[in-house]
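# Secondary and tertiary structure notes
Read off the chains here:
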Amino acid sequence: MLNGDVLKMDAICSNICLTLAFTCSALRATVMRVGPNLLKIIEQVMHAEKNPASIEDQTSFNLERKSIKTMRKLSHLYAVAITMIASSKCALAPFEKGEIVHIGNTTIIDRPLIMSAWVPFNKNTHYWAAYIIQIYFAALGAWHVAYVDMFMFNMLGYPIGQLKKLHYYIKNITTLTRNDDSLEEFKNVIRQHQQIISYVKFYNDSMGTFAIFEFLQSSVQIASIFIQTSPSDMNLGQFGFIGGFFIGMLFRLFLYYYTANEVMTESEKVGVSVWESDWYEQPTNLKMALLTVMMRGQRPLYYKIGGFGLMSVQSIVAILKATYTYLTVVVRNN
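None of these values were measured; they are calculated from a predicted model.

### Structural notes on the overall build of the protein chain
When helices and strands are counted, the protein chain shows 11 helices and two strands. The helix and strand sequence of the protein chain, counted from the amino end, reads α-α-α-β-β-α-α-α-α-α-α-α-α. Relative to the 2.2 N^0.38 estimate, which gives 20 Å for 334 residues, the radius of gyration of the protein chain is 25 Å and therefore markedly larger than a compact globule would have. Dimensions along the principal axes, computed over C-alpha positions, put the protein chain at roughly 95 × 40 × 35 Å. When burial is assessed residue by residue, the protein chain has 42% of its 334 residues classed as buried. Across the protein chain, the fraction of contacts at a sequence separation of at least 24, relative to all contacts at a separation of at least 6, is 78%. Carbon and sulfur atoms make up 64% of the accessible area of the protein chain, which totals about 18400 Å². Here the protein chain contributes 29 positively and 24 negatively charged side chains, and the mean placements of these two sets differ by 2 Å.

### Some words on empty space enclosed by the protein
Left-over empty space is what a probe sized like a water molecule reveals as it rolls over the atoms. The final tally for this structure, using the stated rule, is four cavities of 30 Å³ or more. The space that makes up the largest cavity amounts to roughly 360 Å³. Lining of the largest cavity is provided by 26 residues; of these, Ala 21, Phe 22, Ile 82, Val 145 and Phe 245 occupy positions nearest its centre. When residues of the lining of the largest cavity are traced back to their parent elements, those giving at least two are α1 (9-34), α3 (58-92), α4 (127-171), α7 (210-227) and α8 (236-268). Across the lining of the largest cavity, the residue classes break down as 17 nonpolar, five polar and four charged. Counting only elements with at least two residues in the lining of the second largest cavity, the list comes to α6 (182-207), α7 and α8. The dominant element in the lining of the second largest cavity, judged by the number of residues it contributes, is α7, at three residues.

### Section: the layout of surface pockets
As a volume, the second largest pocket reaches approximately 370 Å³. In this structure, the second largest pocket is lined by 17 residues; those nearest its centre are Val 45, Ile 68, Asn 154, Met 155 and Tyr 158. Among the elements that take part in the lining of the second largest pocket, α4 stands out by supplying seven residues, more than any other.

### What to know about the nonpolar core
Grouped together as the largest cluster of nonpolar side chains are 63 residues, with contacts concentrated most on Ile 170, Phe 186, Tyr 257 and Tyr 303. If we skip the residues at most four places from it in the chain, Tyr 257 touches Phe 215, Ile 305, Met 311, Ser 312, Val 313, Ser 315, Ile 316 and Ile 319.

### A few points about the packing of aromatic side chains
Inspection of every chain in the model, using the stated rule, returns 13 aromatic pairs. Judged by centre distance (5.7 Å) and plane angle (80°), the ring pair of Trp 279 and Tyr 280 falls under edge-to-face. Relative accessible area serves as the criterion here: at 31%, Trp 279 is assigned to the partly exposed category. Judged by its relative accessible area of 48%, Tyr 280 is partly exposed. The structure contains a cluster of three or more aromatic residues connected by ring pairs, namely Tyr 78, Phe 153, Phe 251 and Tyr 256.

### Let's talk about the UniProt feature "transmembrane region" (unreviewed entry) in the protein chain
According to UniProt, the positions carrying the feature "transmembrane region" (unreviewed entry) are residues 128-148, 239-259 and 301-324. With 100% helix and 0% strand, the stretch residues 128-148 has end C-alpha atoms that lie 30 Å from each other. Here residues 239-259 runs as 100% helix and 0% strand, with 30 Å between its end C-alpha atoms.

### Details of the packing of α4 against α6
The description of two packed helices rests on the angle between their axes and on the distance between the axes. One way to put it is that α4 packs onto α6 with a least axis distance of 10 Å and a crossing angle of 160°. Looking at the two axes, α4 sits roughly antiparallel to α6. For the element pair α4 and α6, the recorded crossing hand is left-handed. Across from Met 152, Met 155, Leu 156, Tyr 158, Pro 159, Gln 162, Leu 163, Lys 165, Leu 166, Tyr 169 and Ile 170 in α4, the residues of α6 making contact are Phe 186, Val 189, Gln 192, His 193, Ile 196, Tyr 199, Val 200, Tyr 203 and Met 207. Its residues placed into classes, the contact of α4 with α6 shows 16 nonpolar, three polar and one charged.

### Side note on the pattern of salt bridges
The tally for this structure, following the rule as stated, stands at five salt bridges. Residue Asp 149 pairs with Arg 252 through a salt bridge whose shortest N-O separation is 2.9 Å. Residue Asp 149 is located in helix α4, and its partner Arg 252 is located in helix α8; the two are separated by 103 residues in the primary sequence. Ionic pairing is found between Lys 269 and Glu 266, a salt bridge with its closest N-O pair at 3.5 Å.

### As for α7
Its 18 residues give α7 an end-to-end C-alpha distance of 26 Å, which sits within 8% of 26 Å, the value for a rise of 1.5 Å per residue. Most of α7 is tucked away, with 13 of its 18 residues classed as buried.

### Let's talk about a nonpolar patch on the surface
A contiguous nonpolar patch, built from Ile 133, Tyr 136, Phe 137 and Leu 140 and spanning about 410 Å² of accessible area, is present on the exposed surface. Residue position: Leu 140 is located in helix α4. Note on Leu 140: relative accessible area 41%, which makes it partly exposed.

Calculation criteria
- Residues numbered from 1 in each chain as written.
- Predicted model: local features only at pLDDT ≥ 70, side-chain atom pairs only at ≥ 80, totals over all residues.
- Heavy atoms only, no water.
- Helix = DSSP H or I, 4+ residues; strand = E, 2+ residues; numbered from the N terminus.
- Rg over C-alpha atoms; globule rule 2.2 N^0.38 Å.
- Buried < 20%, exposed > 50% of the residue type's maximum accessible area, 1.4 Å probe, protein only.
- Contact = heavy atoms within 4.5 Å.
- Areas by Shrake-Rupley, 256 points an atom, 1.4 Å probe, with all protein chains shown as cover.
- Lys, Arg positive; Asp, Glu negative; His and termini not counted.
- Charge placed at Lys NZ, Arg CZ, Asp CG, Glu CD.
- 1 Å grid on protein atoms, 1.4 Å probe; cavity = no way out; pocket = protein on both sides within 12 Å on 5 of 7 lines; lining within 4 Å.
- Points joined across faces, edges and corners; volume = space filled by probe spheres on them.
- Nonpolar A, V, L, I, M, F, W, Y, C, P; charged D, E, K, R; others polar.
- Core = buried A, V, L, I, M, F, W, Y, C linked by side-chain atoms within 4.5 Å.
- Phe/Tyr/Trp six-rings, centres within 6.5 Å; stacked < 30°, edge-to-face > 60°.
- UniProt positions renumbered as here; feature names shortened; annotations may be inferred.
- Axes fitted to C-alpha atoms, helices over the stretch in contact; angles between N-to-C directions.
- Parallel < 35°, antiparallel > 145°, perpendicular 65-115°, else oblique.
- Left-handed = near helix turned anticlockwise from the far one by under 90°.
- Salt bridge = Lys/Arg side-chain N within 4 Å of Asp/Glu carboxyl O.
- Expected span 1.5 Å × (residues − 1).
- Patch = residues over 30% accessible without salt bridge, like charges linked within 9 Å, V, L, I, M, F, W, Y side chains within 5 Å.

The structure is reproduced here in structure tokens:
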């Protein structure tokens, strides 16, 4: 593809899409496995689950469960989307038109497979054997991408449920604490807030630098999808796969950056929750503790894209702008 007289950008970009998806997933899994902070994050979550706050009641428990169920449904929907996209690519490959290739005095029809990959035999002579092998590896790759992303979605979204519980504790501090020991019990709320802060910090230390690669990979991948729509002989099946891949990419970006944005939004509401509580009826020492929580709430929590910015819904716009830049460069050079 790269040594021909004319670069086949649609074929090159088709391979770039799949290669980037698998490579990014593998690198993310490697960072999670090797990085020291992931184990701390998991231990922190397990400790919080085993040792709930003394003022936790059924309402706060339901708030957390509701947040978890929402993330679980979105994760399952994403897994279904990935499975459908991979299945459509596998199903379409045998029906795509082969390419006529001249090798010396011999002319052969090079039948397309699911992806461009080396096999230790002639893929045209033993096409169905190569096809079955690629189905196996395509399934492994697709499910690996889905599982890693689902794990990351839920890691990103974990503080949302914890912050909603925190809002509930603060707003109902009068009814949830005993008058004779209200300050001591409110210290548990402060500790929970500190745990959420340390959780986000651990995540940024572990995955913040890798988020830069994720940001660039997403923009290049979307640009590659659009370039594949250029051939005039594209059939309906190919167009459907490209459209489905594009929708899947946007859904993936939405899950990552919208979830990160929700953490930032919920953390900003901590100060509002203090204001909406019965703070004026509390003893002086508890008022001072509430004031401390309100002051800390003025600094929202956010996930970092390395040292270049923060993860939010605005990041999706930045990715699409970078996509437009890549498309412009490719179109001008062709």
